[in-house]
Structures are given as structure tokens and as C-alpha cells.
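Letter by letter, the chains look like this.
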Amino acid sequence: MTQPTEAAPPVKKGVIHDIGYARYAGERRAPSTLWRVIMRHQIAHAWKTWWRWKPAIIGAVITTVVCGVIMYVSADSRISGLTRAGGPLAFIDGTLAYSFGFYNKFAFLMTMTVGAAVVARDQETGAFAFYFSRPVRARDYVIGKVAGMVVVMGTILLAGPLLLAAFRIGMAGDTKTMIDLLPWLGRALTVGLLASLAYATLPLALSALVGKRTISLAVWAAYYVMGTSLLSVVGMLTWRPLAAIDPANAVVSLAFGLWDIDMPGRDKNALVGVAPAAISLAAQSLIAVGLLYNRVSRQAAGAVGASS
Amino acid sequence: MSAPIVVAERCSKWYGAVLGISDITWTMGGGVIGLLGPNGAGKSTLMKLMSGLLRPSRGTIKVHGGDPFVDPLVRRRIGYSPEHETTYDELTGRELVTALAHLAGVPRAQAPAAAVAALEVMGMQGAMDRRVKGYSKGMRQRTKLAATLAHDPDLLILDEPLTGVDPIARAEIITKIRALAKAGKTIVVSSHVLYEIEALTEDIAVIYRGQVLAEGNLYEIRRLIDHHPHRIRVECDRPRALAAALAGADHVRRITMERKAVVIETEQPDRCYDELATAMLDSDFVLRGMTSPDNNLGAVFEYLTGDRGRARASE
């Protein structure tokens with residue numbers, strides 16, 4: 001018969017505190033929807049401080065209000081009766097097309113405070129490591145950033161013109177005129193969307209190519225202010241559609257072309273046709289998205305992050 | 001035995017002409033695994049390969065049976081904390097962790113709660129509404145760990161999580177990491193500071209020049225290096241007499257006297273321990289303490305990455 005053995009003293013084990021970690025058991029987003037997360041973050045990031053988005057928004061609001069006032073005042077018979085070289089001065093109809101010149105300036109301001117630094121900043125700070133170690137793919141990143149920037153740019157280049165177009169339609173004296181003016185919404189939408197796309201994608205692509213925030217900003221500013229102006233001049237002297245490479249010129253040309261307006265003070269020689277302007281904006285945007293995707297996917301597959 | 005979490009087969013990674021990882025075949029199970037190696041050894045590269053941030057130049061690496069580079073669903077089960085700490089510094093800790101949890105697939109409605117829970121686990125509840133740019137190094141590390149944890153990954157890959165943090169924060173982070181391992185996470189931690197890894201785990205992989213030089217339990221590895229002299233420090237009432245008793249043994253290579261102790265360098269530690277015990281009992285020595293200075297990562301690491309270690313490893 002075996003004797004009952006004495007119980008061995010318990011082995012003292014190391015103590016690890018229970019920190020109450022609770023596993024997350026909820027649902028998960030599909031990876032294909034993560035671009036929306038990036039888009040929202042992009043918008044939130046732009047809105048975060050007073051100097052990124054808000055000055056441009058204020059400028060766009062002032063432009064819209066001033067243009068609206070001009071349109072309203074221009075409806076007065078004493079103004080609408082003014083003529084120049086035998087033709088009516090169509091302030092009420094020309095103000096909207098004219099306003100794109102101002103919206104362009106605030107859009108450029110936005111590219112300097114947000115757009116031209118976005119991807120370079122992510123590269124510099126190693127944020128790619130945070131993105132791509134999660135279920136985010138290069139295309140989600142690109143779509144998210146582009147969509148976010150288009151929304152941001154849309155508040156400058158799309159919202160104001162749409163409001164002005166709606167205001168003009170609202171000022172129509174009768175239903176027939178109102179119906180005749182409805183295409184204005186489509187025109188404002190077309191110009192605004194193409195402009196938003198170009199102003200969103202071009203600086204993003206440049207930012208991805210350069211990879212350094214300050215250099216990226218400097219290169220974009222130099223290109224926008226001097227490079228495109230130079231191209232415009234070369235275009236005027238040689239082959240006019242070349243001037244459509246200047247996004248500001250392309251946007252204004254598209255607007256004036258779609259509304260078919262002749263405004264005082266506007267040099268018609270500086271404008272390109274509707275087709276070259278639209279094609280230029282669309283093509284530049286497509287090329288920019290392609291470059292952006294190429295650069296980001298290479299970064300995502302290469303040495304990601306700021307550390308070795 | 002549970003299925004391996006990470007399986008690398010003949011995995012290599014080059015950065016142009018620079019070698020990151022060279023022909024690694026390595027299997028990793030659960031628990032806490034310390035990746036040890038000097039700067040530039042390839043630890044970060046191996047971790048990025050595991051995280052899906054890099055594609056192997058040659059060979060394969062699988063995590064949970066899938067390719068982390070290709071499959072976003074595999075990456076969803078991974079929490080990677082990079083070595084660098086610059087992020088979106090203008091955000092608060094809460095906003096940053098929420099955004100990263102959201103990016104990892106936690107729905108918008110649940111992400112804030114998941115972020116707060118992770119920050120609380122890391123002891124950041126008091127500072128999570130301050131901007132990250134005002135954080136100390138230790139707070140940034142904790143925030144990064146919270147971001148790694150918020151989406152509840154199964155595998156945590158922590159690249160140098162203790163770099164630059166003060167001793168108190170280091171001790172706290174070590175406690176948290178160990179607690180997470182206890183909660184069922186598999187954790188890979190890298191460091192070139194030996195005692196940090198030693199405080200975290202006994203399971204190590206020594207990376208050197210892009211290769212896994214040794215892997216397994218720290219003490220098992222130590223035993224494998226049987227030709228490496230093993231030092232035993234014995235504190236007793238008559239150290240000189242004890243030294244004399246062991247001086248004739250063929251496995252003893254050197255004996256060094258200290259003020260109240262004798263340090264014996266032996267090639268056969270097990271035999272030496274037996275003979276020490278016999279000598280103690282036969283001659284009534286009063287034993288005050290016995291330690292093995294070599295049973296720490298520093299000695300293993302030094303030996304493995306030294307010329308003798310490399311020669312031994314290539315045998």
C-alpha cells in the first residue's frame with residue numbers, strides 16, 4: 001500500500017499584474033473601405049489649425065459674397081444697360097466666370113498650406129510605416145489622400161461657383177429664364193470639379209516625388225508662379241494650347257469658354273479653348289494620380305519609415 | 001504544439017547593394033521573443049518583413065499562414081510599433097490612437113473606445129488629451145504601444161520599444177509587455193540593449209549580419225556554447241581553500257581570486273557544479289552565494305557575435 005505523499009510546497013512563480021486588458025471583439029472594416037478613413041483624416045488634418053484651410057475658406061467666402069453682390073447690383077437696369085464697343089457689358093452673367101480667377105488664388109494658397117506637403121510629410125515622418133503595417137494598401141492611401149484633397153479644394157473651387165450659379169438662377173425674373181439658366185449648375189460643377197481635381201492631385205504628386213516638405217513647397221510654388229507662367233507665355237508666342245498646362249489659365253479659360261463671356265479687362269489672347277483647357281486639367285490630374293500611385297506603391301514596397 | 005505564428009523560409013532582403021536579411025529560415029511560436037543584435041544587424045528589416053512593410057527579395061515569410069505584404073487581412077492581425085516616434089504630433093494621444101485604430105479596421109463608432117482602452121492599459125489616461133508634441137519620450141513610446149494594441153492584434157511587433165525611456169518608464173513598459181503576453185499576445189521585441197530583452201523574455205533570436213545566429217531559450221543557447229568558458233563566482237568563508245580544492249580539475253581553465261570569492265572559469269559547467277557541491281560538503285565550506293556571470297544575454301551576445309562565436313556558429 002502506498003503511503004500518501006506529503007503535498008509539495010507550491011512553487012513560487014513570478015507575479016504579473018492583471019492589467020485588465022480586454023480584447024476588442026467588435027466588427028472590422030473591410031480593407032477596401034479604408035480609403036474613406038484616410039480621406040476623413042486628411043480633411044480633419046486640414047481643418048485642425050487656423051492657418052491651413054480656414055484662410056482660404058475665408059477668402060473664398062469673401063469672393064463669393066462680393067461676386068454675389070456684384071451680380072445683384074448688376075441686375076439693376078442702370079448697370080445692365082451699360083455697353084462697351086456697342087455690346088452690353090454682361091456683368092451679371094460674366095461675374096461667375098470672372099470669379100474663378102480669384103478662386104484660383106485661394107486654391108493655390110490651400111496647396112501651399114496643405115496639398116504640397118501632405119505626402120512628403122508622411123514620407124519624412126515615417127507615417128507610411130503606420131499606414132502600411134495596417135490593412136491599408138497603396139491604392140487606399142492614394143485614393144484617400146486624393147479624395148480628401150478634392151473635398152478640401154472643392155470647398156474653394158466648387159462650393160462658391162455652385163452657390164453663385166444657384167444665386168444667378170434665383171435672380172431670374174421668370175421661369176423660362178430660370179430654366180434657360182439651369183445649365184449654369186452643370187458648368188459650375190464641371191469647372192469646379194476639374195479644377196478641384198487638378199489643384200488636389202498636382203501638388204500631391206509633386207510632394208510624393210520630392211519627398212521633403214520644404215523643398216516640395218518651394219518647387220510647387222516656383223512651378224505654379226513661374227513655370228506655368230513661362231509656359232503660358234511660350235504658348236501665346238508659339239502654340240496656344242500649350243498655355244493650358246498652366247492650371248490657373250486652364251480653369252479660367254474653361255470657365256470663360258463654357259459661359260462664352262467677353263468681360264472687360266480680360267485678354268482673350270491669354271485664354272485657350274474649352275477643349276484644350278478641359279483636356280489639360282483632366283490629363284494633368286490623371287498623370288499626377290499615376291505618378292502619386294507609382295511613388296507611394298514603391299515606397300510602400302521599399303524601405304518604409306524614417307528609421308533604417 | 002500550436003501552429004507557428006511566423007515562418008520564414010530562405011528569406012532575404014536587399015536594399016540595392018546593401019544586405020538587410022540573408023537567407024533566413026526561422027520559425028516562431030507564441031510568447032515573447034526577443035530579437036537581439038547590434039545596430040544594423042537586420043532586426044528592423046526582419047520586423048518590417050513580418051509586418052508586411054517589406055517584400056522579401058527572395059524566399060518567403062508567412063504570418064498566421066498568410067503573406068503579410070500581400071494580404072491586408074493578415075496585417076489586420078499584426079500590431080507594428082516602428083522604432084521612430086515622429087508621427088502626427090499636432091494630434092492628441094487620443095486622436096492619434098483613434099485614427100490608427102480606425103486605419104486598422106476598427107469601425108468609426110468603436111475606434112474611440114478601443115483607443116481609450118489601449119491608452120489606459122499603457123497608463124496614458126492622464127495625458128491622452130494632450131498633444132503628442134508635448135509628450136516625453138516615454139509617453140511617446142507608450143502612445144505608440146497603445147496604437148499598436150488598439151485594434152487587438154494577435155501578433156505585436158515592437159521595434160526597440162524601450163529606446164530612450166527613463167528607468168521607471170522602462171520598468172512599467174516591461175511589465176505591460178509581459179502582461180500582454182500573459183493575455184495571449186505573441187510579442188516580438190527587438191533591442192540591442194541586452195538587459196532589456198533579458199528582463200522581458202528568455203526566448204531569444206540573435207541576429208547578426210542579416211542572419212539568425214542563434215535562437216531558443218537563453219539558457220539553452222548558453223549550454224550549446226559548451227566550449228565557451230563558463231564562469232562561476234562562489235562566495236564562501238574560505239575562498240582560497242575552495243580554489244585549491246578545484247585547481248587540479250582538468251575542466252577548470254582559470255581561477256581568479258576576489259576579496260571574499262573565487263571565480264572559476266570552466267569548460268564543463270555541469271561537472272564543475274557537481275564538484276563544487278562535493279567540495280562544499282567534504283570540507284564544510286560555508287557557502288554565502290553562487291552566481292554565474294555568464295548566464296546573461298550580454299555574455300551570450302558577446303560570445304556569439306565575437307570571432308570565436310562566428311567560428312563556432314559556422315561549424
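Residues numbered from 1 in each chain as written. Chains lettered and ligands numbered in written order. Predicted model: local features only at pLDDT ≥ 70, side-chain atom pairs only at ≥ 80, totals over all residues.

Trainee: Is there a simple way to think about the overall build of chain B in this case?
Mentor: Along chain B, the regular secondary structure elements total twelve helices and 13 strands. Overall, the C-alpha framework of chain B stretches about 75 × 45 × 35 Å when taken along its three principal axes. Taken over 315 residues, chain B has a buried fraction of 47%. For chain B, restricting intrachain contacts to residue pairs at least 6 apart in sequence, the fraction spanning at least 24 positions comes to 68%. (Helix = DSSP H or I, 4+ residues; strand = E, 2+ residues; numbered from the N terminus. Buried ≥ 20, exposed ≤ 12 C-beta atoms within 10 Å, placed from the backbone. Contact = placed C-beta atoms within 7 Å.)

Trainee: I would appreciate a short explanation of the confidence of the model for chain B in the present structure.
Mentor: Any residue range with low pLDDT should be treated as having predicted coordinates unsuitable for detailed reading. With 91% of its residues at a pLDDT of 70 or more, chain B shows a mean pLDDT of 85. With pLDDT under 50 throughout, residues 308-315 of chain B is counted as low confidence; its partners more than four residues away or in other chains account for seven contacts. (pLDDT = per-residue confidence, 0-100.)

Trainee: Looking at this model, I keep getting lost on helix α3 (residues 93-103) of chain B. Mind explaining?
Mentor: Note that an α-helix has 3.6 residues per turn; residues three or four places apart therefore point the same way. Taking burial as the measure, the eleven residues of α3 of chain B include eleven buried ones, the bulk of the element. For α3 of chain B, the full list of buried residues reads Gly93, Arg94, Glu95, Leu96, Val97, Thr98, Ala99, Leu100, Ala101, His102 and Leu103 of chain B. Residues of α3 of chain B that are buried make contact with α1 (34-48) and α6 (127-132) of chain A together with α4 (111-121) and α5 (137-149) of chain B. Gly105 of chain B, located one to two residues past α3 of chain B, shows a positive phi value of around 110°.

Trainee: Quick question: what am I supposed to make of the pairing of strand β10 (residues 230-236) of chain B here?
Mentor: Taken residue by residue, a regular strand's side chains alternate between the two faces of the sheet. Residue and element names in this part refer to chain B. Side chains of β10 alternate between two faces, with His230, Ile232, Val234 and Cys236 buried and Arg231, Arg233 and Glu235 left unburied. Direction of pairing for β10 relative to strand β12 (residues 261-266): antiparallel, over a ladder of six bridges. Among the inter-strand pairings, Ile232 is bridged to a residue of β12, identified as Ile264. Note: β10 against strand β13 (residues 287-291), four bridges, orientation antiparallel. Bridging across to β13, Glu235 finds its partner in Gly289. (Pairing = 2+ DSSP bridges.)

Trainee: Looking at this model, I keep getting lost on the domain arrangement of chain B. Mind explaining?
Mentor: Domain boundaries in chain B define domain 1 (6-222) and domain 2 (229-293). Taking the mean C-alpha position of each, domain 1 of chain B and domain 2 of chain B sit 42 Å from one another. (Domains from an automatic or database assignment.)

Trainee: I would appreciate a short explanation of the nonpolar core in the present structure.
Mentor: One broad trend across soluble globular proteins is that nonpolar side chains are buried collectively. Residue and element names in this part refer to chain B. Grouped together as the largest cluster of nonpolar side chains are 163 residues, with contacts concentrated most on Ala118, Ala146 and Ala150. In this structure, Ala150 is in contact with Val97, Leu100, Ala101, Val106, Ala114, Ala115 and Ala118, ignoring residues within four places of it in sequence. Formed by nine residues, the second largest nonpolar core is a distinct cluster that contains Val234, Leu246, Val262 and Leu276. (Core = buried A, V, L, I, M, F, W, Y, C linked by C-beta atoms within 7 Å.)

Trainee: Where do I start with the packing of α3 of chain B against α4 of chain B in this structure?
Mentor: Relative placement of two packed helices is described by the angle separating their axes and the distance separating the axes. All names here are of chain B. As a packed pair, α3 and α4 sit with axes 8 Å apart at the nearest point and diverge in direction by 120°. Judged on the interaxial angle alone, α4 and α3 are oblique. The hand of the α3/α4 crossing is right-handed. Contacts between α3 and α4 involve Gly93, Arg94, Val97, Thr98, Ala101 and His102 from the former and Ala111, Pro112, Ala114, Ala115, Val116, Ala118 and Leu119 from the latter. Each residue belonging to the contact of α3 with α4 can be placed in one class, and the counts come to nine nonpolar, three polar and one charged. (Axes fitted to C-alpha atoms, helices over the stretch in contact; angles between N-to-C directions. Parallel < 35°, antiparallel > 145°, perpendicular 65-115°, else oblique. Left-handed = near helix turned anticlockwise from the far one by under 90°. Nonpolar A, V, L, I, M, F, W, Y, C, P; charged D, E, K, R; others polar.)

Trainee: Would you mind going over the environment of Leu281 of chain B with me for this structure?
Mentor: Residues and elements named next belong to chain B. Turning to its location among the elements, Leu281 is positioned in helix α10 (residues 269-283). By the C-beta count within 10 Å, which is 9 here, Leu281 ends up exposed. For the pair Leu281 and Cys236, spaced 45 residues apart in the sequence, the C-alpha separation amounts to 13 Å.

Trainee: How should I be thinking about the sheet that holds β10 of chain B in this particular structure?
Mentor: Adjacent strands of a sheet pair through backbone hydrogen bonds, lying either parallel or antiparallel. Residues and elements named next belong to chain B. Taken together, the four strands give an open sheet; going across it, the order is β11-β12-β10-β13, and neighbouring strands pair in antiparallel fashion. Both outer strands of the open sheet, β11 (252-257) and β13, are each paired with one neighbouring strand and no more. Averaged over all pairs of adjacent strands, the angle between strand axes in this sheet comes to 20°, irrespective of strand direction.

Trainee: Explanation requested: the interface of chain B and chain A in the structure shown.
Mentor: If you look at the interface, chain B gives 40 residues, while chain A gives 36 residues. Looking at the side of chain B that touches chain A, the elements with two or more residues in it are α1 (43-51), α2 (72-75), β5 (78-81), α3, α4 and α6 (167-182) of chain B. The element that contributes the greatest number of residues to the side of chain B that touches chain A is α6 of chain B, accounting for six residues. Looking at the side of chain B that touches chain A residue by residue, the class counts come to 19 nonpolar, eleven polar and ten charged.

Trainee: Where do I start with unusual backbone geometry in this structure?
Mentor: Residue and element names in this part refer to chain B. Non-glycine residue His64 carries a positive phi angle of around 50°. If you trace the backbone, His64 turns up in the loop between β4 (58-63) and α2. In this structure His64 comes out as partly exposed when scored by C-beta crowding, with 19 C-beta atoms within 10 Å. The phi torsion at Glu160 lies on the positive side, around 50°, for a residue other than glycine. Inspection of the secondary structure puts Glu160 in the loop between β6 (155-159) and α6.

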